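# Examining the three-dimensional arrangement
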Amino acid sequence: IASIEIPKKQWPELIGCLLNNMTQQDKPAGLKQATLETLGYVCEEISHEDLVQDEVNAVLTAVVQGMNLAEHSSEVRLAAARALYNALDFAQTNFENEMERNYIMKMVCETAISKEVEIRQAAFECLVSIASTYYEKLEPYMQALFELTSNAVKGDEEAVSLQAIEFWSSICDEEIELQEYESTESGDSEPPHSRFIEKALSSLVPMLLETLLKQEEDQDQDDSIWNLSMAGGTCLGLVSRTVGDAIVPLVMPFVEANILKPEWRCREAATYAFGSILEGPSIDKLSPLVHAGLDFLLKAMKDENNHVRDTTAWTLSRIFELLHSPAGGISVISSENIQQILGVLLESINDTPNVAEKICGAIYYLCQGYFEAGQASSVLTPFLTDIITQLIRTADRTDGGDSKLRSSAYETLNEVVRCSYIVDTSPIIEQLLPVIMNKLGQTLELQIVSSDDREKQGDLQASLCGVIQVIIQKLSSTDETRPIILRASDQIMALFLRVFACRSSTVHEEAMLAIGSLAYACGPKFENYMGEFYRYLEMGLQNFEEYQVCSITVGVVGDISRALDDKVLQFCDGIMKHLLNDLGSNELHRSVKPHIFSCFGDIALAIGEHFERYVLYVVQAMQQAAAVCAQLDANDEELMEYGNQLRRSIFEAYSGILQGFKDSKPEVMLPYASHLLQFIEVVFLDRQRDESVTKAAVAVMGDLADALGPNTKLLFRDRAFYIEFLGECLQSDDESIKETATWTQGMIGRVMVS
Amino acid sequence: MAPHDLRRPFKRPAISDQQRRRELSLQRQAQNRLDAQHHARRLASTLLFLQPPQSDPEADPEPDPEIAPEAE
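Residues numbered from 1 in each chain as written. Chains lettered and ligands numbered in written order. Predicted model: local features only at pLDDT ≥ 70, side-chain atom pairs only at ≥ 80, totals over all residues. Heavy atoms only, no water.

To continue, consider the overall build of chain A. Counting secondary structure elements, chain A contains 35 helices and two strands. Principal-axis analysis of the C-alpha atoms gives chain A an extent of 85 × 70 × 60 Å. For chain A, the residues scored as buried account for 57% of the 754 residues in total. By element, 49% of the accessible surface of chain A is carried by carbon and sulfur atoms, the whole surface being about 31,400 Å². The centroid of the 58 positive side-chain charges in chain A is displaced by 3 Å from the centroid of its 113 negative side-chain charges. (Helix = DSSP H or I, 4+ residues; strand = E, 2+ residues; numbered from the N terminus. Buried < 20%, exposed > 50% of the residue type's maximum accessible area, 1.4 Å probe, protein only. Areas by Shrake-Rupley, 256 points an atom, 1.4 Å probe, with all protein chains shown as cover. Lys, Arg positive; Asp, Glu negative; His and termini not counted. Charge placed at Lys NZ, Arg CZ, Asp CG, Glu CD.)

Set out below in structure tokens:
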């Protein structure tokens, strides 16, 4: 209630009343405890700006004093520490003031060594949150915080030591973000980077390495477990990303000392440490180590301990992800060792499900590396049949417990297909298609008696639709292989229609994605399927709740428009009704809306003059959206990105519409030309605009001149900004912007001399 | 209200193939859209080329020889 009423100033006496409970000595501990909980929740819900500063101060004083050991019972102190956690965002002004900040930090640090474990845990939770919220204020406290966290990691209860490690992981998160910011931005307004990790490195790394030896026996099999060694290794990975090369000499002695020890914990910890530092340091630093260690790791896939094999497989996948980039001229894999590597991977994929899943990851990245190298992907061709066979066998395993292994196997299969060198491998992929279709057909025959059965069926269908989509996309990417899809399209479509009838939203999304690719592959032939498919298209467009389904369906409308061209007209009234409804809905996730505008362009280009009956509504929606763009908060990066998408999509829509009308009824767009040009000018004046927006804007300017011809002469003459805009685009480093601007310049030039 | 989830991704390859499928589809659609619009514009350029030059010759883009037959 407070979160609603306080911002509206409708409950001014609440804070005073709550504070009264805390300041009067004779109030019972239970009331103080409940009051602190309430204050914590209220602080979390409202902004500090909703209260006057005196009230904010009084609230924080009450909360922080509630943590005082001398004055309060353990229940009250626990409630106070938890309330402070919720109130940290609220304390912004107080953290700016050195004296107040010192007081809060002193109380939190004292509370972090309380006798009661729950209170210590709550205090460390506060420190974790402070690390990310007030990173730039931490400098004077870091020595004390290092000692506090270090003692907790080494000797406290697990619940507390986990928080202590999380404190350092949060510091890493902050510094990694600062470094990313530094590398993209320049200027003097950069937030301060205190290099805490670098400064603490020589003590921090040994502390984390110690935690790696505290594994649990079966931690890889259970997703609910989070323990010291997992947290420590994860933090080590973040430290590595933060400091780069400097971590290597601190970790390698630990790896070398432990990797051959008889105790499995030592071997696993050594491998985990090695795997954790593969991201961050330079390739030059890592490459010799990985080259020297690869053979050992491949042999360790036969270690007697499952846990060691699991971590080894994970480390291999990290090596292939990070140090296998033939495109960049760097790879640990060569023609000499590829056979051995794939031999080990394809054998170890038969290991226990947890190991097999990591092996899938290794194959995934191995293929991906070759794909980026273009022709070099043919290196994998001789092994492709074996890889595919083993992945399908893995997906068919019944010992996976949940469906994680199966979906990993199918996802890896997708990457294998995507990355294969099509010139060599199309016969193999052609053979794969009926195998997967057959599997999808079998899921439709499964007996469903429980909701669990239904869920499993849905997951499997989603995976199989995903594979089919990837195959369609792959085979339709060349003129030579597209006929394979055309020959199979009747059967594929019949399957998808049966899958839609199962009514699971995940499957709906996957099948829809696949149908978009199929429509692209089929072209005009897709008209044959529209009769039966149309109702599912409508369902997708109306699916506000699962907005991803809606979004993908909008994209499919675009695919179908391009495929059917003017034959799509017969479905357009229905489609346009739904698209306009979607645009007007407050319920639908905003991310779908730019796709809808782009889709208008696709439809208009397909049906040409027949778009006239929708123009009034569509232009109105675009004008409203253009007005929204002008009101977005320029300080909100996410909103600005959305604004860019929206602008680009509006331009795309106008482009499609203008080009669609050009040959028969260009005059339909004449009344809107001035508004469009005005909108382009507003976008031109926005210095934050994205390059893709620039490109769409300069293109639509050309479309306007091209479609409306001499009618736009006066318009352009009155809005001379276009000359400057074209000048800017012609100077661009982006060739496609330059090319589009040249074309637009030609179009406007033609109008101006007319 | 609850403290943030402490668990971070652990020994998991950061694969979301579903997200990748979505993104690749969007990329393909964007490319197809661009091609379709580009096609319409190239027809216009060709027509422009076929007209006698009236303006600054630098303003005229190069014609695309592949498209010329379609414009006839």
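A few words on the overall build of chain B. Along chain B, the regular secondary structure elements total two helices and zero strands. Burial status across chain B gives 32% buried among its 72 residues. Accessible area for chain B stands at about 4,500 Å²; split by element, carbon and sulfur atoms hold 56% of it.

Here the focus is the packing of aromatic side chains. According to the stated counting rule, one finds 19 aromatic pairs over all chains in the structure shown. For the pair Phe146 of chain A and Trp168 of chain A, a centre-to-centre distance of 5.7 Å together with 70° between the ring planes defines the contact as edge-to-face. Here Trp168 of chain A lies in helix α10 (residues 158–184) and Phe146 of chain A lies in helix α9 (residues 142–155), a separation of 22 residues in the sequence. Here Phe167 of chain A and Trp168 of chain A contribute two aromatic rings whose centre-to-centre distance is 5.3 Å and whose plane-to-plane angle is 90°, an arrangement assigned as edge-to-face. Assigned by exposure class, Phe167 of chain A and Trp168 of chain A land together as buried. Put simply, the rings of Phe500, Phe526, Tyr529, Phe533 and Tyr536 of chain A pair up and form one aromatic cluster. Positioned above the aromatic ring of Phe684 of chain A is the side chain of Arg687 of chain A, whose terminal nitrogen or guanidinium carbon lies 5.4 Å from the ring centre. In this structure, Lys11 of chain B is placed above the aromatic ring of Tyr272 of chain A, and the distance from its NZ or CZ to the ring centre is 5.9 Å. (Phe/Tyr/Trp six-rings, centres within 6.5 Å; stacked < 30°, edge-to-face > 60°. Lys NZ or Arg CZ within 6 Å of the ring centre and 35° of its normal.)

What follows is about the interface of chain A and chain B. Across the boundary between the two partners, chain A contributes 79 residues, which contact 40 residues of chain B. At the boundary of chain A with chain B, total buried surface from both sides reaches about 5,100 Å², with 52% on carbon and sulfur atoms. Applying the counting criterion to the chain A and chain B interface returns twelve salt bridges. Taking the shortest distance from any N to any O, the salt bridge between Asp559 of chain A and Arg28 of chain B comes out at 3.0 Å. For the pair chain A and chain B, the number of links is 22 residue pairs in polar contact (both at pLDDT 80 or more). Tallied by class, residues from the side of chain A that touches chain B come to 23 nonpolar, 28 polar and 28 charged. (Contact = heavy atoms within 4.5 Å. Buried area = accessible area lost by both parts, 1.4 Å probe. Salt bridge = Lys/Arg side-chain N within 4 Å of Asp/Glu carboxyl O. Polar contact = N/O pair within 3.5 Å; in protein donor to acceptor, adjacent residues only side chain to side chain. Nonpolar A, V, L, I, M, F, W, Y, C, P; charged D, E, K, R; others polar.)

Let's shift gears to the nonpolar core. All names here are of chain A. With 276 residues, the main nonpolar core has Trp168, Val239, Phe320, Phe526, Phe533, Phe611 and Met701 as its most contacted residues. Considering every element that reaches this core, the biggest residue donor is helix α18 (residues 353–372), with eleven residues. Residues within four places of Phe533 in sequence aside, it is in contact with Met493, Leu497, Phe500, Met512, Ile515, Phe526, Val556 and Ile560. (Core = buried A, V, L, I, M, F, W, Y, C linked by side-chain atoms within 4.5 Å.)

Take the confidence of the model for chain B next. The predicted coordinates of low-pLDDT regions are not to be read in fine detail. For chain B, the average pLDDT comes to 66, and 47% of its residues sit at 70 or higher. Between residues 52–72 of chain B, whose pLDDT stays under 50, and residues either more than four places distant or in other chains, the model counts 24 contacts. (pLDDT = per-residue confidence, 0-100.)

So, on to helix α30 (residues 637–661) of chain A. A rise of 1.5 Å per residue sets the reference length of α30 of chain A, with its 25 residues, at 36 Å; its end C-alpha atoms lie 36 Å apart and thus fit the reference within 8%. Of all 25 residues in α30 of chain A, 20 are buried; the element is thus mostly enclosed. (Expected span 1.5 Å × (residues − 1).)

Attention now goes to the side chain of Gln473 of chain A. Within the secondary structure, Gln473 of chain A sits in helix α22 (residues 451–475). A distance of 3.4 Å separates a polar atom in the side chain of Gln473 of chain A from a polar atom in the side chain of Arg28 of chain B.

With that out of the way, let us pick up the packing of α30 of chain A against helix α31 (residues 670–685) of chain A. Residue and element names in this part refer to chain A. Remark: α30 packs on α31, axes separated minimally by 12 Å, with the N-to-C direction vectors making an angle of 150°. Considering the relative orientation of α30 and α31, their crossing is left-handed. Of α31, the residues touching α30 (which contributes Arg647, Ile650, Phe651, Tyr654 and Leu658) are His675, Leu676, Phe679, Ile680 and Val683. Partitioning the contact of α30 with α31 into residue classes produces eight nonpolar, one polar and one charged. (Axes fitted to C-alpha atoms, helices over the stretch in contact; angles between N-to-C directions. Left-handed = near helix turned anticlockwise from the far one by under 90°.)

To continue, consider the pattern of salt bridges. Tallied over the entire structure, the rule returns 48 salt bridges over all chains. Here Arg77 of chain A makes a salt bridge to Glu116 of chain A, at a shortest N to O gap of 3.0 Å. Separated by 39 residues along the polypeptide, Arg77 of chain A in helix α5 (residues 74–87) and Glu116 of chain A in the loop between α7 (98–111) and α8 (117–133) bring together distant segments of the chain. Given a relative accessible area of 5%, Arg77 of chain A falls into the buried group. In this structure Glu116 of chain A comes out as partly exposed when scored by relative accessible area, which is 22%. One salt bridge in this structure joins Arg719 of chain A and Glu681 of chain A, with 2.5 Å as the shortest N-O distance. Taken together, the positions of Arg719 of chain A in the loop between α33 (713–718) and α34 (721–730) and Glu681 of chain A in helix α31 put the pair 38 residues apart, joining distant regions of the chain. With relative accessibility at 22%, the residue Arg719 of chain A sits in the partly exposed group. Connected through shared salt-bridge partners, Glu415, Arg418 and Glu510 of chain A together with Asp17, Arg20 and Arg21 of chain B make up one network.

This part covers the side chain of Ser732 of chain A. Residue and element names in this part refer to chain A. When you line up the elements, Ser732 lands in the loop between α34 and α35 (735–752). Given the relative accessible area of 11%, Ser732 is considered buried. In this structure the side chain of Ser732 is engaged in a polar contact, spanning 2.9 Å, whose partner is the backbone nitrogen of Asp734. What Ser732 contacts, discounting residues up to four positions off in sequence, is Glu691, Ile737 and Lys738.

The next subject is the packing of helix α19 (residues 384–395) of chain A against helix α21 (residues 422–445) of chain A. A pair of packed helices is captured by two measures, namely the crossing angle of their axes and the spacing between those axes. All names here are of chain A. Interhelical geometry of α19 versus α21 gives an angle of 15° and a closest axis separation of 11 Å. The angle between the axes of α19 and α21 places the two elements in the roughly parallel class. The handedness of the crossing between α19 and α21 is right-handed. When α19 is examined against α21, the residues Leu384, Thr385, Ile388 and Ile392 are found in contact with a partner set consisting of Thr425, Ile428, Leu432, Val435, Ile436 and Lys439. (Parallel < 35°, antiparallel > 145°, perpendicular 65-115°, else oblique.)

The next thing to look at is the environment of Glu347 of chain A. Mapped onto the fold, Glu347 of chain A is located in helix α17 (residues 338–348). Sequence separation between Glu347 of chain A and Lys302 of chain A is 45 residues; the distance between their C-alpha atoms is 10.0 Å.

So, on to unusual backbone geometry. Note: most residues except glycine have negative phi, and most peptide bonds are trans. All names here are of chain A. Phi is positive for Arg195, which is not a glycine, with a value near 50°. Along the chain, Arg195 turns up in the loop between α10 and α11 (196–212). Overall, Arg195 belongs to the partly exposed group, its relative accessible area being 30%. Here Asp565, not a glycine, exhibits a phi torsion of approximately 55°, which is positive.

Next up on the list: helix α15 (residues 283–300) of chain A. Along α15 of chain A, the largest kink reaches about 40° and is centred on Gly293 of chain A. Contacts made by the buried residues of α15 of chain A are with α13 (248–258), α14 (264–276), α16 (306–322) and α17 of chain A. (Bend = angle between axes of the 7 residues up to and from the residue.)

This part covers the state of the cysteines. As enumerated under the stated definition, the model contains zero disulfides over all chains in all. Note on Cys522 of chain A: no disulfide assigned, nearest cysteine sulfur contributed by Cys465 of chain A at a separation of 16 Å. (Disulfide = S-S within 2.5 Å.)

Before going further, it helps to spend a moment on the environment of Glu98 of chain A. With respect to the helices and strands, the residue Glu98 of chain A is situated in helix α7. Separated by 39 residues in sequence, Glu98 of chain A and Lys137 of chain A have C-alpha atoms that sit 9.1 Å apart.

Turning to the environment of Leu148 of chain A, a few remarks are in order. Residues and elements named next belong to chain A. Turning to its location among the elements, Leu148 is positioned in helix α9. Of the residues examined, Leu148 reaches a relative accessible area of 14% and is grouped as buried. Those residues in contact with Leu148, other than ones at most four positions away along the chain, are Cys109, Ala112, Ile113, Phe124 and Leu127.

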